[in-house]
Amino acid sequence: MNIPIKMIGIATTIFWVFLIAFSVSAAFSAKDIQFNFGDPQTGMTADNELFFSLSIAIANRGFYSIGDFNVTSKASDMNGNEIARGTSFVSIIRPGEEITMFHNITLDINEMLQGDRNYLFNDTDLRIHEAVGLSLATIIPVQASGNFTLSWGAPLYNFVLGNPTYSPYNATHFRVNVPISFENHAFFDLTGSLQLRMYNDRNTRMGDGQTNIETAQHTGYNGNIEFYISIVNAITPGTSPKGHFDVYLFSPLFNYGPWVIPYG
């Protein structure tokens with residue numbers, strides 16, 4: 001499953017920054033090394049983790065071998081907690097040799113959300129640390145590193161669950177309609193299903209509803225969930241009921257819930 005990216009992807013941003021830092025730090029000693037970057041690719045692993053992959057073509061135009069070429073990328077939250085890491089390594093690149101390596105970073109969004117649900121609802125910044133190293137002529141170490149921040153867009157930014165409205169359905173049930181809205185600020189499309197479980201103020205479960213969502217990156221969603229509740233556990237028309245919803249989100253990238261949202 002490929003995930004489209006409308007603007008410069010995380011992988012491209014990371015590697016251009018690291019390349020600039022590397023070129024400045026090792027401008028003369030690495031002048032005979034040429035880099036070419038392929039288009040960034042995104043997708044999902046068999047474990048439903050999001051991955052970024054970038055091909056790096058390295059040409060050694062010098063007279064000496066390059067040893068221990070390595071690239072490490074680490075992403076952390078603003079509190080310093082590591083959330084993703086990727087390392088790539090090539091043992092030796094001989095004079096006149098050209099090789100292509102693939103640098104991958106895997107992001108477990110489920111694990112991120114378990115650590116901090118703010119990633120789901122709030123935009124924030126990630127700290128990116130880049131390090132590259134090699135040995136010229138296999139004996140002279142050259143290293144460079146740099147730090148920068150990268151914006152994280154929340155897939156459920158400004159999530160709003162409106163108050164339910166009720167209408168008679170038959171002699172035993174009411175029809176319930178619950179409006180939903182949010183903005184997908186993430187760099188991936190959000191697809192899946194949203195499920196509600198409705199409870200009254202006595203914590204009695206009254207009914208369940210579900211809807212499918214397909215929201216492209218950087219777009220908004222406005223919809224509703226409709227379901228039915230028994231008159232026995234429901235409210236009398238004209239009153240102002242109170243209670244809470246348990247909300248669940250299921251998607252190929254992550255599952256989350258319940259988060260509790262009161263109503264009334």
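As the structure is a prediction and not an experimental result, all values here were calculated from the model. (Residues numbered from 1 in each chain as written. Predicted model: local features only at pLDDT ≥ 70, side-chain atom pairs only at ≥ 80, totals over all residues. Heavy atoms only, no water.)

**As for the overall build of the protein**
No. 1: Within the protein, the secondary structure is distributed over 3 helices and 16 strands.
No. 2: Residues classed as buried in the protein amount to 46% of the 264 residues present.
No. 3: Partitioning the contacts of the protein with sequence separation of at least 6, the portion at a separation of at least 24 is 64%.
No. 4: Of the accessible surface of the protein, which amounts to about 13500 Å², a share of 49% is contributed by carbon and sulfur atoms. (Helix = DSSP H or I, 4+ residues; strand = E, 2+ residues; numbered from the N terminus. Buried < 20%, exposed > 50% of the residue type's maximum accessible area, 1.4 Å probe, protein only. Contact = heavy atoms within 4.5 Å. Areas by Shrake-Rupley, 256 points an atom, 1.4 Å probe, with all protein chains shown as cover.)

**Overview of the environment of Trp152**
No. 1: Residue position: Trp152 is located in strand E8 (residues 140-152).
No. 2: Trp152 gets classed as buried once you look at its relative accessible area, which sits at 3%.
No. 3: Taking the C-alpha atoms as reference points, Trp152 and Asp123, separated by 29 residues in sequence, lie 5.6 Å from one another.
No. 4: Discounting chain neighbours no more than four positions away, the residues touching Trp152 are Leu107, Met112, Tyr119, Asn122, Asp123, Thr124, Asp125, Leu126, Phe187 and Phe188.
No. 5: Within polar-contact distance, the side chain of Trp152 engages the backbone oxygen of Tyr119 at 2.9 Å. (Polar contact = N/O pair within 3.5 Å; in protein donor to acceptor, adjacent residues only side chain to side chain.)

**Quick notes on the confidence of the model for the protein**
The predicted coordinates of low-pLDDT regions are not to be read in fine detail.
No. 1: For the protein, mean pLDDT is 80; residues scoring 70 or higher make up 82% of the total.
No. 2: Across residues 1-9 the pLDDT falls below 50, and counting only partners more than four positions away or on other chains, this stretch makes 21 contacts in the model.
No. 3: Within the model, pLDDT remains below 50 along residues 23-29, and this stretch shows 6 contacts once partners closer than five positions in the same chain are excluded. (pLDDT = per-residue confidence, 0-100.)

**Quick word on the nonpolar core**
No. 1: Phe159 and Trp259 are the most contacted members of the largest nonpolar core, which has 48 residues in total.
No. 2: Broken down by element, the residue count for this core peaks at 5 residues, all from strand E11 (residues 173-184).
No. 3: In this structure, Phe159 is in contact with Phe121, Ile180, Ser181, Phe182, Leu194, Val247, Trp259 and Ile261, ignoring residues within four places of it in sequence.
No. 4: Ile56, Ile58, Val90 and Val142 belong to the second largest nonpolar core, which has 16 residues in total. (Core = buried A, V, L, I, M, F, W, Y, C linked by side-chain atoms within 4.5 Å.)

**Looking at the pattern of salt bridges**
No. 1: Applying the stated rule across the entire model yields 5 salt bridges.
No. 2: With its nearest N and O atoms 2.8 Å apart, the salt bridge here joins Arg61 to Glu98. Taken as a pair, Arg61 in the loop between strand E3 (50-60) and strand E4 (66-76) and Glu98 in strand E6 (residues 98-107) lie far apart in primary sequence, 37 residues in all.
No. 3: Residue Arg61 is classed as partly exposed on the basis of its relative accessible area, which comes to 45%. (Salt bridge = Lys/Arg side-chain N within 4 Å of Asp/Glu carboxyl O.)

**Digging into the side chain of His103**
No. 1: Inspection of the secondary structure assignment puts His103 in strand E6.
No. 2: A polar atom in the side chain of His103 sits 2.5 Å from the side chain of Ser88.

**Concerning unusual backbone geometry**
No. 1: In this structure, Pro258 follows Gly257 across a cis peptide bond, with omega equal to 0°.
No. 2: Position of Pro258 relative to the elements: it lies in strand E16 (residues 255-263).
No. 3: For Asp68, which is not glycine, the phi dihedral falls at a positive 55°.
No. 4: Inspection of the secondary structure assignment puts Asp68 in strand E4.

**Digging into the side chain of Asp246**
No. 1: Take Asp246: it is sitting in strand E15 (residues 243-250).
No. 2: Although buried, Asp246 forms no salt bridge, and the nearest oppositely charged side chain, Arg197, lies 5.8 Å from it. (Lys, Arg positive; Asp, Glu negative; His and termini not counted.)

**Quick word on the environment of Arg61**
No. 1: When the C-alpha positions of Arg61 and Arg94 are compared, they lie 9.2 Å apart, and in sequence the two are 33 residues distant.
No. 2: Setting aside its immediate chain neighbours within four residues, Arg61 contacts Asp32, Gln34 and Glu98.
No. 3: Engagement of the side chain of Arg61 in a polar contact is seen with the side chain of Glu98, the distance being 2.8 Å.

**Concerning the sheet that holds E16**
No. 1: Pairing in this open sheet of 4 strands is antiparallel, and the strands run E13-E12-E15-E16 from one edge to the other. Both outer strands of the open sheet, strand E13 (205-215) and E16, are each paired with one neighbouring strand and no more. Averaged over neighbouring strand pairs, the angle between their axes works out to 20° when direction is ignored.
No. 2: In the sheet, strand E12 (residues 190-200) pairs with E15 via 8 bridges, with the strands oriented antiparallel. Residue pairing in the sheet places Gln195 in a bridge with Tyr248 of E15. (Pairing = 2+ DSSP bridges. Axes fitted to C-alpha atoms, helices over the stretch in contact; angles between N-to-C directions.)

**What about the packing of aromatic side chains?**
No. 1: Under the defined criterion, the tally for this structure stands at 10 aromatic pairs.
No. 2: Taking the centre distance of 4.9 Å and the plane angle of 45° together, the rings of Phe245 and Tyr263 count as tilted. Placement of Phe245 in strand E15 and of Tyr263 in strand E16 is noted, with a sequence separation of 18 residues between them.
No. 3: On the accessibility criterion, Phe245 (1% relative accessible area) is buried.
No. 4: Residue classification places Tyr263 among the buried residues on the basis of a relative accessible area of 4%.
No. 5: Relative to Trp259, the ring of Tyr256 lies with its centre 5.8 Å away and its plane at 40°, an arrangement referred to as tilted. The two residues Tyr256 and Trp259 agree in class, both being buried. (Phe/Tyr/Trp six-rings, centres within 6.5 Å; stacked < 30°, edge-to-face > 60°.)

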